[in-house]
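# Working through the structure, step by step
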Amino acid sequence: MTAALQLYSMRDCADQIALLAQLPNLGITKVEGYGGVYGDPTAYRAAMDANGISMPSGHMGLSDIEADFEATMGIVDTLGITRVFAPYLEEEDRPTTTDGWADLGERLNAAGKKYAERGITFGWHNHDFEFVALADGSAPMDILLETAPDITWEADLAWIVRGGCDPIEYIQRYGHRLSAIHVKDIAASGTNLDEDGWSDLSAGTMDWAALLQACRTASNDLIYTLEHDKPSDPVGYASRSAAAFKTLWENTHG
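Here we summarise the structure given alongside this text. The shown structure was predicted, so the numbers you read here are calculated from the model rather than taken from an experiment.

Calculation rules
- Residues numbered from 1 in each chain as written.
- Predicted model: local features only at pLDDT ≥ 70, side-chain atom pairs only at ≥ 80, totals over all residues.
- Heavy atoms only, no water.
- Salt bridge = Lys/Arg side-chain N within 4 Å of Asp/Glu carboxyl O.
- Helix = DSSP H or I, 4+ residues; strand = E, 2+ residues; numbered from the N terminus.
- Buried < 20%, exposed > 50% of the residue type's maximum accessible area, 1.4 Å probe, protein only.
- Polar contact = N/O pair within 3.5 Å; in protein donor to acceptor, adjacent residues only side chain to side chain.
- Contact = heavy atoms within 4.5 Å.
- Core = buried A, V, L, I, M, F, W, Y, C linked by side-chain atoms within 4.5 Å.
- Pairing = 2+ DSSP bridges.
- Axes fitted to C-alpha atoms, helices over the stretch in contact; angles between N-to-C directions.
- Phe/Tyr/Trp six-rings, centres within 6.5 Å; stacked < 30°, edge-to-face > 60°.

The next thing to look at is the pattern of salt bridges. Taken as a whole and judged by the stated rule, the model has 14 salt bridges. Note that Glu227 and Lys184 form a salt bridge whose closest N and O atoms lie 2.9 Å from each other. Taken together, the positions of Glu227 in the loop between strand E10 (223-226) and helix H10 (234-251) and Lys184 in the loop between strand E7 (178-183) and strand E8 (185-186) put the pair 43 residues apart, joining distant regions of the chain. Exposure remark for Glu227: the relative accessible area of 6% places this residue in the buried category. Judged by relative accessible area, Lys184 falls into the buried class, the value being 2%. Residue Lys246 pairs with Glu250 through a salt bridge whose shortest N-O separation is 2.9 Å. Here Lys246 and its partner Glu250 are both found in helix H10, four residues apart, which amounts to about one turn of the helix.

Given below as structure tokens:
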């Protein structure tokens, strides 16, 4: 098992096409797309093919999906994506009530049905705000998964921790909904402040051996994707984290 790389981690690399030629030497042959690499999907796919790289998953904003679903499908088809995840809501767009989150869940479910008709898996990608309890004590993440029964989940386990919840509890509760895992690490408190408190994989505070064990127990059909939201050295980060994931994987058993 090799991990994919979320290309958002590499957004500060000046030439995104040239970057693809570097990735195999770092032990990376799978990537996860996001809006920054969708500008010319045909050219990007050609560069991926030339370097033996595939894109099994990609992020698509819900507003983009709702505004022009066929445009997103064009990108998905061109790049060979099979799993799409809606990744984020700006703060001003986030619901503040149980009903608001339920409405969002229904919108996500409708988008998921459109993708399913085209043979594409669709799900939600979390950050921390989905785990901050609402006034009635409920968690937005639970509401989303309950009101969107047909979607899957790309679980960003480090953001669950930052949201104040236990990722293993969520893996065990919703293992049947998982489609992908974001693999990232949280630096020790007060360190890596220039990187928003994130770190290379296995250089931080997350118990990834236990987390991978829980993931592998929950499902044998997950995409594992490396991510760092603000690496100071993107290429070095990717190289070190791909190697760390390989070691972690070899040392855990599903």
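Now that the structure has been shown, we can carry on.
This part covers the side chain of Gln6. Residue position: Gln6 is located in strand E1 (residues 4-6). Engagement of the side chain of Gln6 in a polar contact is seen with the side chain of Glu32, the distance being 2.7 Å. Not counting residues up to four positions away in its chain, the partners in contact with Gln6 are Glu32, Gly33, Tyr34, His59, His182, Thr225, Leu226 and Glu227.

One finds Met55, Leu108, Trp153, Leu157, Ile181 and Trp208 to be the most contacted residues of the largest nonpolar core, which totals 81 residues. When residues of this core are assigned to their parent elements, the largest contribution, seven residues, is made by H10. Excluding anything up to four places from it in sequence, Trp208 contacts Leu157, Ile181, His182, Val183, Lys184, Asp185, Leu201 and Leu248.

Turning to the sheet that holds strand E4 (residues 83-86), a few remarks are in order. Sheet architecture is closed into a barrel: eight strands sit in the order E1-E2-E3-E4-E5-E6-E7-E10, paired in parallel fashion. Taking the axes of each pair of neighbouring strands and ignoring which way they run, one obtains an average angle of 30 degrees across the sheet. Sheet topology places strand E2 (residues 30-33) next to strand E3 (residues 54-59); three bridges connect them, and they run parallel. Counterpart to Gly33 in the pairing with E3 is Gly58. Together, E1, E7 and E10 form the strand contacts of H10, whose direction differs from that of E10 by roughly 145 degrees.

Let's shift gears to the packing of aromatic side chains. Enumeration according to the criterion identifies 13 aromatic pairs in this entry. Seen in terms of ring centroids, Trp153 and Tyr174 are 6.2 Å apart; in terms of plane orientation they differ by 80 degrees. Their pairing is edge-to-face. Placement of Trp153 in strand E6 (residues 152-156) and of Tyr174 in helix H8 (residues 167-174) is noted, with a sequence separation of 21 residues between them. Across the pair, Tyr174 and Trp153 agree in class, each one buried. Summarising the aromatic geometry, the rings of Trp159 and Trp198 are spaced 4.9 Å apart at their centres and angled 75 degrees between planes, so their arrangement reads as edge-to-face.

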